[in-house]
Structure formats: structure tokens, C-alpha cells
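Geometric and topological summary
Next come the chains, spelled out residue by residue.
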Amino acid sequence: MNAPMKKKIQKKCKIRGYNIKPEALDEILSFVTRFEPTEQEEAIDLVLENLEHESVKSTVIDVEPVQRVLNLLLEADAAEETVETFASSSSAIAVIDVFDVLRYKYDAIRRNFYLYPGSSPLHGDAAAKSALYRDRFMLLSQRLSRHQDFTKPAFESELSQFRSREISPIQSLVGQKGRRWVMGVISQLEDGHFYLEDLTASVKISLSDAKITTGFFLENTIVVAEGEMVSAEGIFQIYSCGFPPPEDRDKSLQVLAGHNFFGGCTFTKEETIRQEEMEKRAVNDMFVILSDIFVDKEEAMGKLEIVLDGFESEEVVPSLFVFMGDFCSVPYSQASGPFSILRLQFGRLGKIIAARPRLKENSRFLFIPGPGDIGPSTVLPRCRLPKCLTEEFQKYIPEAIFSSNPCRVKFYTQEIVFFRQDQLYSMSRSSLVPPSVTETTDPFQHFVATITHQSHLCPLPLTKQPIIWNYDHGLDLYPTPHTIVLGERSPQKAFKYTGTTCFNTGSFSMDSTFVVYRPCSQEVELSSL
């Protein structure tokens with residue numbers, strides 16, 4: 001089927017004086033087949049024109065320059081097609097659906113990231129599940145390899161050996177004596193018995209005497225541990241255990257070589273400077289974030305009207321309202337009323353907003369589904385609310401944005417992640433050892449530490465929270481965003497950790513709580529009626 005197109009690509013290469021290697025040919029073919037048949041020739045010409053700007057050292061086209069060109073073209077295409085921008089400046093606020101975020105993988109041999117070729121089906125095969133764990137491990141492994149405490153000293157000495165925490169492969173522990181540092185995934189390969197796995201092997205572990213750091217140590221989390229083999233039992237006795245240390249955001253960005261992991265527009269250096277200047281001047285911009293907007297409850301709608309009236313009378317209205325689910329007081333699967341009633345209730349919400357002309361005209365409204373809302377399943381990431389539910393609402397607020405859960409928002413250069421999920425309780429219950437009380441006894445701070453160090457919004461085992469294997473990257477927190485907004489039914493909290501602002505909105509319908517966030521200063525106002 002693709003043979004005629006391959007010949008066409010080869011012919012166009014020869015006209016330009018190039019010979020193309022089979023691997024490079026397959027890459028171009030994979031890119032071209034994304035387009036309609038009438039646009040495919042133009043796509044080939046676009047690739048070849050961009051290749052001429054690459055430093056091709058011979059007349060033979062290799063796969064590396066082709067991959068670089070295709071990465072740039074795909075990023076530019078994604079930025080144009082998937083990002084919805086609005087507000088006074090065309091790039092002030094951008095909403096990014098995580099199903100539109102490009103997927104990158106780490107090449108351990110070349111020590112760089114590359115764009116995953118081809119599309120990712122929703123229903124992955126068995127290999128996709130193992131790739132999920134491997135990709136998470138490689139992401140944190142490459143991050144750890146740059147940390148000064150875990151880097152092999154350039155010159156061996158007694159002092160360097162004392163300070164070094166060089167990571168040993170688990171496979172190398174067999175027959176070794178003395179303490180070693182290892183990195184691995186905590187797994188339960190047998191009922192009641194836990195193991196530490198890396199890409200080389202697995203070893204049974206004992207956490208009975210382990211000194212741990214802040215966070216919830218769960219099955220499937222990735223840890224860095226110091227311990228030694230107990231030869232008689234074949235168990236790796238862990239003495240100290242912690243998560244891989246986080247990395248400064250700017251340092252991570254240097255390694256990415258221009259790849260855009262967050263999604264949305266990619267700015268040049270000059271554009272970034274201009275955006276930063278505009279961001280500094282946006283002191284009046286604020287986001288109002290509410291979780292649990294029960295459209296089927298009169299009391300909840302009454303409280304929402306009070307909030308909207310308050311902001312309608314403000315001198316400067318909010319730039320963005322973020323409404324996170326659940327939008328029904330009981331999970332939709334258990335709701336007794338027909339679908340048409342919920343649709344009309346959404347329409348009523350639109351009417352309430354439209355009755356506030358200043359908000360309707362000057363604010364934007366973003367909707368993110370909750371764990372109990374209507375959708376194909378409870379698996380993460382969750383797709384946006386279906387159009388058949390929101391059509392009545394959009395008659396009143398046609399520019400409202402409905403996005404995925406989690407959802408990403410760019411405010412000029414700032415990256416903000418919104419996530420509506422109740423998992424704090426599950427994580428505290430699923431912890432393999434009681435959390436450390438050395439630094440904090442606050443479960444929310446343990447929660448924030450866990451997701452930040454793991455660079456992942458939901459490090460729970462897949463048996464407790466299913467994830468779409470091919471879209472696990474939609475829950476990544478790498479490079480670390482500026483702000484993480486959580487919608488949990490636990491009490492309101494705000495916590496700044498390793499430079500990242502993280503806060504929980506609480507439940508509006510249950511506790512009358514919401515948050516006002518000023519992105520310019522990263523100021524968090526925990527509010528309630």
C-alpha cells in the first residue's frame with residue numbers, strides 16, 4: 001500500500017541530489033501518511049526543504065536529521081491545532097488538553113529525548129503496559145544521573161568514595177558485600193512480599209529497619225535506597241530510603257533541547273523575554289478555581305450565584321474561572337435522573353453566568369471533569385465532558401472551554417497543571433510504611449512531596465487507579481510546572497515545595513471553599529463563603 005509513496009519520496013530525494021537510508025525513508029513515510037492524499041506531496045516537499053537547512057554532511061540522508069526535522073514540524077503543527085488561546089493578548093492564556101500533548105521517550109544510549117513515532121491508540125497492547133513503567137523509570141533515572149550526590153567522582157580518592165552515592169544496578173548485588181545504593185520500582189511480585197526492580201533484575205527487600213524521607217512510599221513508586229544484601233536469606237536490607245531528588249526546572253529545560261513536554265506554543269528566546277515582560281505587568285489577572293459544582297443541587301447553585309455576584313461587582317473581573325467536577329452530587333453511574341435532566345441543569349448554569357454581563361464579556365470559563373462525571377470510564381486521563389451534555393450550556397456561553405482531566409494551562413510563560421481527583425486518602429491508606437514525621441505530619445505535604453519527586457500526578461498502583469497506558473505521559477510533571485492545582489475533597493491547603501506552588505481547592509458544594517489565584521505573583525488566597 002505504501003510502496004508508491006516510498007518511490008515518490010525516493011524520487012524527490014534524487015531530484016535534490018540525495019540518497020535516503022531505509023530508516024529515514026520510513027520516518028518520512030510515517031509523517032506523510034498523517035495527511036490527506038491531496039496534501040501528501042506538499043508534506044514531502046516541506047520535509048525535504050527543512051532538511052536542506054540541516055547540517056547534512058553527505059549526500060546520504062540518515063535517520064537523525066530526519067527525526068530532528070520531523071520533531072520540529074510536529075511540535076509546530078500541534079501548537080497550531082490543539083491550543084485554544086484567548087484574553088487580551090493572543091498568548092496570555094492557553095488551555096491544553098493532555099490528549100493533544102506530544103509523547104517523548106528517553107534514549108539511554110544517545111542520552112537524549114526523542115519524539116515517539118506514530119500515533120498512540122487508546123487501547124494499548126501488553127507492551128504498552130510495560131513501556132509505561134519503563135518510561136517512568138527512565139525519566140527519573142536520567143534526572144538522577146545529573147544530581148551531584150549520585151554522580152560518579154571524576155577522580156577516585158578516599159574522600160570521593162566516602163561521599164559518593166553511585167547507583168549500582170540491582171543485578172550487581174549478587175555476591176556483593178557492604179552497603180550499596182540502588183534505584184528501583186517497589187513491586188509486589190508475590191503476595192505480601194515486596195521487591196525492588198530496575199531494568200536489570202529484581203531483589204526481595206526488607207523495609208523493617210528503613211529510615212525514610214517525606215512522602216508516601218507506595219507500591220509502584222520509584223525509590224533510591226541504601227542497604228546491603230543479607231546473604232543467608234537473599235534479601236536486600238534497606239537502611240535508608242527516599243525518592244529520587246527533584247531537579248531545578250531550568251536545569252531540566254536545558255536537557256530537553258527545545259522539546260516541548262508541556263504542550264502549547266513554543267517560544268523563541270526573544271518571544272520568551274517579551275512574554276516575561278508582559279507577565280510581570282499582568283498584576284490584575286486572577287483565576288477563580290472551584291471544585292465540586294453540583295448543578296443538580298439548589299443549595300450549590302445558590303452559593304455559586306453569591307460568588308459570581310461578588311466578582312461581577314469587582315473593579316477588575318477574573319481572567320479565568322476554572323470549574324472542576326464532579327458536576328453531579330452522586331457519581332453519574334449511580335444518578336437516578338435521566339441524562340436530559342443533567343443536560344438542562346448544565347443549561348441553567350450557563351444562564352446563571354450569562355446573567356452577569358461583565359463576567360460573560362471579560363472572563364473565560366474552563367470546565368474539567370471529575371472522577372464521578374459522565375465519561376467512558378474512571379480511567380485516567382479523563383476526556384472532556386461530552387458535547388451532548390454541554391450543548392445547552394454553550395447556547396449561553398459559546399466560548400466556554402471543556403478540557404481533559406488533568407488539564408494544562410499556560411499563562412504567558414507560566415505552566416499550571418489542574419488535576420481533579422480524590423487520591424490523598426487512597427495514598428495514605430496504601431503507604432507500605434508509616435510516613436516519616438521528621439519534617440512534617442501534614443498528609444497534604446507528604447502528598448505534594450510524593451507527586452513532585454515522582455514527576456507524576458498519580459503514582460498509585462494501576463490496580464487502585466487505572467491509567468490509559470499510552471497516555472500516561474499526560475500525567476507527567478516533568479519539567480516541574482510552576483503551579484499544581486489539586487481538586488481534592490480533603491481540607492483546603494496551600495504548600496510551596498521546591499519552588500512549585502501547590503494547593504488544594506477543597507469541595508465548593510460540600511464545604512463552600514474555593515481559591516483565588518494570582519499567577520503573576522503566584523499568590524494563593526484560600527477563600528470560603
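Residues numbered from 1 in each chain as written. Predicted model: local features only at pLDDT ≥ 70, side-chain atom pairs only at ≥ 80, totals over all residues. Heavy atoms only, no water.

For the rest of this paragraph, the subject is the overall build of the chain. From N to C terminus, the chain includes 15 helices and 23 strands. What you see for the chain is a C-alpha radius of gyration of 25 Å, in line with the 24 Å of a compact globule of 529 residues. Along the first, second and third principal axes, the C-alpha set of the chain runs to 70 × 70 × 45 Å. Expressed as a percentage of its 529 residues, the buried residues of the chain come to 52%. The contacts in the chain between residues at least 6 apart in sequence include a share of 69% that link residues at least 24 apart. With an accessible surface of roughly 25100 Å², the chain has 51% of that area assigned to carbon and sulfur atoms. Taking the 56 positively charged and 70 negatively charged side chains of the chain as two groups, their mean positions are separated by 2 Å. (Helix = DSSP H or I, 4+ residues; strand = E, 2+ residues; numbered from the N terminus. Rg over C-alpha atoms; globule rule 2.2 N^0.38 Å. Buried < 20%, exposed > 50% of the residue type's maximum accessible area, 1.4 Å probe, protein only. Contact = heavy atoms within 4.5 Å. Areas by Shrake-Rupley, 256 points an atom, 1.4 Å probe, with all protein chains shown as cover. Lys, Arg positive; Asp, Glu negative; His and termini not counted. Charge placed at Lys NZ, Arg CZ, Asp CG, Glu CD.)

What follows deals with the pattern of salt bridges. Taken as a whole and assessed by the stated rule, the structure comprises 28 salt bridges. One salt bridge connects glutamate 64 with arginine 110, and the closest N-O pair in it is separated by 2.9 Å. Placement of glutamate 64 in helix α4 (residues 63–82) and of arginine 110 in the loop between β5 (104–107) and β6 (112–115) is noted, with a sequence separation of 46 residues between them. Assessed through its relative accessible area of 26%, glutamate 64 is described here as partly exposed. You can call arginine 110 partly exposed: its relative accessible area is 48%. Here arginine 420 and aspartate 422 are joined by a salt bridge, their closest N and O atoms 3.0 Å apart. A relative accessible area of 30% places aspartate 422 in the partly exposed class. The structure contains a network of salt bridges with shared partners spanning Asp292, Asp326, Arg420, Asp422 and Arg489. (Salt bridge = Lys/Arg side-chain N within 4 Å of Asp/Glu carboxyl O.)

As a further point, take the pairing of strand β17 (residues 407–411). Burial analysis of β17 places five of its five residues in the buried class, the great majority of the element. Covered by surrounding structure in β17 are Cys407, Val409 and Phe411 together with Arg408 and Lys410, the residues of both alternating faces. As paired strands, strand β4 (residues 93–97) and β17 are joined by five bridges and run antiparallel to one another. If you follow aspartate 97 over to β17, its bridge partner there is cysteine 407. Note that β17 and strand β18 (residues 414–420) share five bridges and pair antiparallel. Residue pairing for β18: phenylalanine 411 is matched across the bridge by glutamine 414. What sits between the antiparallel neighbours β17 and β18 is a turn of two residues, in which tyrosine 412 has the positive phi angle 55°. (Pairing = 2+ DSSP bridges.)

Moving on, we get to the packing of helix α10 (residues 339–354) against helix α12 (residues 387–394). Between α10 and α12, whose axes approach to 7 Å, the crossing angle comes to 35°. Pair α10 / α12 crosses with right-handed handedness. Facing α10, whose interface residues are Phe339, Leu342, Arg343, Phe346, Gly347, Leu349, Gly350 and Ile353, α12 presents Cys388, Leu389, Glu391, Glu392 and Phe393. Residue composition of the contact of α10 with α12, by class: eight nonpolar, two polar and three charged. (Axes fitted to C-alpha atoms, helices over the stretch in contact; angles between N-to-C directions. Left-handed = near helix turned anticlockwise from the far one by under 90°. Nonpolar A, V, L, I, M, F, W, Y, C, P; charged D, E, K, R; others polar.)

Here helix α9 (residues 298–312) spans 21 Å end to end across 15 residues, near enough to the 21 Å set by a 1.5 Å rise per residue. Every buried residue of α9 is accounted for by Ala300, Met301, Lys303, Leu304, Val307, Leu308, Phe311 and Glu312. Its buried side turned inward, α9 meets β13 (287–291), β14 (320–324), α10, α11 (357–362), α15 (508–511) and β22 (513–518). (Expected span 1.5 Å × (residues − 1).)

Time to look at the packing of helix α1 (residues 3–15) against helix α3 (residues 40–51). Where α1 contacts α3, the axes come no closer than 11 Å and their chain directions differ by 40°. If you check the angle between α1 and α3, you find them oblique. Our pair here, α1 against α3, has a crossing hand that is right-handed. Between α1, through Met5, Lys8, Ile9, Lys12 and Cys13, and α3, the contact on the second element is made entirely by Gln40, Glu41, Ile44, Asp45 and Leu48. Grouping the constituent residues of the contact of α1 with α3 by class yields five nonpolar, one polar and four charged. (Parallel < 35°, antiparallel > 145°, perpendicular 65-115°, else oblique.)

It is worth spelling out the nonpolar core at this point. Counting residues in each nonpolar core, the largest one holds 41 residues, and the members touching the most others are Ile9, Phe31, Val47, Ile61 and Phe113. Beyond its immediate stretch of four places on either side in the chain, isoleucine 9 contacts Leu25, Ile28, Leu29 and Ile44. (Core = buried A, V, L, I, M, F, W, Y, C linked by side-chain atoms within 4.5 Å.)

It is worth spelling out the side chain of asparagine 470 at this point. Mapped onto the elements of the fold, asparagine 470 is located in the loop between α14 (443–454) and β19 (483–487). Within polar-contact distance, the side chain of asparagine 470 engages the side chain of arginine 103 at 3.4 Å. A distance of 2.8 Å separates a polar side-chain atom of asparagine 470 from the backbone oxygen of proline 121. Contact partners of asparagine 470, with chain neighbours within four places excluded, come to Arg103, Ser120, Pro121, Gly124 and Ala128. (Polar contact = N/O pair within 3.5 Å; in protein donor to acceptor, adjacent residues only side chain to side chain.)

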